[in-house]
Amino acid sequence: MKRFVAVSLAVLMLLTVFASAASAQDVIEVRSSVFNGSDIDDIIDTYGNGTILPIDASRFPIFYYDIDDNVSTEVVFIVDVPGTENNVIGEGGLVYITKIQPIGYEYDNPAAGWDNYSLIGFGARKAIPLKPDKADKLAQLVLDSDDKYTIRTGELLDLGEGYAIEARQVDVDGKKVWLEFTKDGEFVDDEIISVDTGDNTWDVELDDIQDEDDVVVLRVHVNQVFQGAVDSIAQIEGLWLIDYANAITIESDDEFGELDDVSIMGDTLMVTNKDTITLTRDSTDKILNNVSFKTADTSSDVLRFYLMLEVKEPGVHVIGGAASFGAGNFTWDASNFAGFFYDIDDNVETESLSVSNIDGNVIPEGDLVYETSIENVAYEYDNAADGWNQYPVIGFFAQKYVPLKPEKADKLSKLVLDSDDKYTIRTGELLDLGEGYAIEARQVDVDGKKVWLEFTKDGEFVDDEIISVDTGANTWEVELDDIQDEDDVVVLRVHVNQVFQGAVDSIAQIEGLWLIDYANAMTIESDDEFGNLDDVSINGPTLTISNEDTFTLTLDSEEEIAEGMFFKIGDTPVNELRYFPFVVRILGVGNETVGLPGYNETEIGEEVTQPDEDVTETPGEGVTEEPTEEATAGETEPVEGETTPAEEGAPGFGVVLGLVGLLAVVYLFRRNN
């Protein structure tokens, strides 16, 4: 409980800090490593072995990974089959393989049967096979928890997705409890559990789940039962639940985006492409459920892409980076940490986080270093002739900012809008730009060649301008003074495309909008502290922050780095240290990046759920609320035009990659012969 309260308070404080400076997101894009070359053959040579390019959880952290057990299940291969050339992947050249793996329960009690269960990643989602040796029938994992919950008789423990447990009665001796399991309020099963016989676990087995019988859908471990003068109580420690009501069966003729050739081989599922796949530049191509290729807008002699998953569900989402194994030095940048800012079209990244000279699990003073530098990216509205070519950006703790001056990294403002969409507004109408900023078309002249625009913040006048569309000066730049003591700061750019004066309506068409949240700009001082990073150095366009004190990577924990960025450390011996960075983002509540959530672990990029907290937790008992356990070792992205040696596989992925790699080769050999 203390852990939950502390974490929740941390989230609330960070929400307060960021609320005014962050805008609501509609989607989070979680990306893989970036693959960059002259064509697809060059990329397979550079990042693979010349024949096969593997993209596993070490390169795509959205794929399932458990840091405690060092287990992953999913991999995508790009194979140099006939027809794989230029920006085209040939028939059968894109292979997705996932294999059932054992993983430990969060509630670790092998003596009571809580040792391992079968799990499989599917389409970057954590799934449970209905039978441990069959990969074709799957259900989503709803809950895997070692938290303690104390429920009184008559109370419901909400498990999520409409599932619940109710403590119906406790016997007079305080040794047995009658539990009932329901789905959407409807009875499913019940059991009387005795805590003095050593058989404290209730397994709910159901029949006819996707034509399978004896499917374990729920596991509950009852820790204690108490019959008092006032309350009858059951304490539960150990909960595991699958969403059996929405289980699926994968058939050999199913299609998943561009992957439409399904092979089911016992505990392994393989899906390939029957037709060629073209990586169209400046586009997104769906390949598997919600997993897509995103390809940069480049010239024909450059091909750059990554795999990505778009998260749209409102709620709390965890975005992880690559895992570091052992005490060696490691650096995260945008190529192996999807939380960091990256622009695929311009191939621009600004942020890095490095760890060096670890002693056991302790990072010495000054050896945890975050660095970010100003870079230039193109406006979404591409019109260099009218001054819309590039602007400076800087990532700052996994969020995109704009420096108030292009050569100074100490004064930053959040980017609110960079758009090439077309907007048509009538006179008197407001165009809401977000964060309280707006533009109003006040009047259009009688000749239909000029429009009077007014810029406001929270309804208050900021600036106005008359823009003429027949002089070539169609862009209005709003420059303000005294923004964090800086003058002539461009805070808004508007390009007016057309003006129309009709018999009924007076209209202005805007194409090209760019806006920063100048009202909440900030100045970074040399004595500022950001979580555990508190030694600030500002050197023109570069900002460097390191740790003045030692930083301990406490095993089986989440340790704050700074400003909503954390390390997840595995539950391992010190000599097998595993850890990765992550940020937590929220969709639909006006905040992009916040602190550690008070929730149970979930998929990276997937909404966090937990049992309803209206039940009573045991006083004095610590409750660990953990985020996801996914992400893995990664690599550094090459500079465009450079050749990078093929990368070594991360420790722990060799077994899975070896198995699935062999399967892929066998399958392709069989297919082509």
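Values in this document were obtained by computation on a predicted structure and should not be read as measured data.

Of the volumes computed, that of the largest pocket is approximately 1700 Å³. Lining the largest pocket are 48 residues, with Lys 294, Phe 341, Glu 380, Lys 400 and Asp 418 positioned closest to its centre. Residue assignment for the lining of the largest pocket shows that the elements contributing at least two residues are β1 (28-31), β24 (283-288), β25 (291-295), β26 (303-311), β30 (342-343), β35 (375-383), β38 (408-426) and β39 (430-434). Element by element, the count of residues in the lining of the largest pocket is highest for β38, at 9 residues. In terms of residue class, the lining of the largest pocket is built from 20 nonpolar, 9 polar and 19 charged.

With 84% of its residues at a pLDDT of at least 70, the protein reaches an overall mean of 84. In the predicted structure, residues 1-24 sits below a pLDDT of 50 and forms 53 contacts with residues beyond four places in sequence or in another chain.

In terms of nonpolar packing, the biggest core is built from 97 residues, with Ile 78, Trp 332, Phe 396 and Phe 567 touching the most fellow members. Tyr 64, Ile 165, Val 177 and Val 217 belong to the second-largest nonpolar core, a separate cluster that totals 44 residues.

Once that is clear, we can look at the pairing of strand β36 (residues 388-395). Most of β36 sits out of view: 6 of its 8 residues are buried. Bridge analysis of β35 against β36 gives 5 bridges, and the strand direction is antiparallel. Looking at the pairing, Glu 375 lines up with Val 393 of β36. The antiparallel hairpin formed by β35 and β36 contains 4 residues in its connecting segment, where Gly 387 sits at a positive phi of about 90°. With 2 bridges joining them, β36 and strand β37 (residues 400-405) adopt antiparallel strand pairing. What sits directly across from Ile 394, in β37, is Tyr 401. Between β36 and the antiparallel strand that follows it, β37, lie 4 residues; Phe 397 among them carries a positive phi value of about 50°.

Reading the values: rules and limits
- Residues numbered from 1 in each chain as written.
- Predicted model: local features only at pLDDT ≥ 70, side-chain atom pairs only at ≥ 80, totals over all residues.
- Heavy atoms only, no water.
- 1 Å grid on protein atoms, 1.4 Å probe; cavity = no way out; pocket = protein on both sides within 12 Å on 5 of 7 lines; lining within 4 Å.
- Points joined across faces, edges and corners; volume = space filled by probe spheres on them.
- Helix = DSSP H or I, 4+ residues; strand = E, 2+ residues; numbered from the N terminus.
- Nonpolar A, V, L, I, M, F, W, Y, C, P; charged D, E, K, R; others polar.
- pLDDT = per-residue confidence, 0-100.
- Contact = heavy atoms within 4.5 Å.
- Core = buried A, V, L, I, M, F, W, Y, C linked by side-chain atoms within 4.5 Å.
- Buried < 20%, exposed > 50% of the residue type's maximum accessible area, 1.4 Å probe, protein only.
- Pairing = 2+ DSSP bridges.

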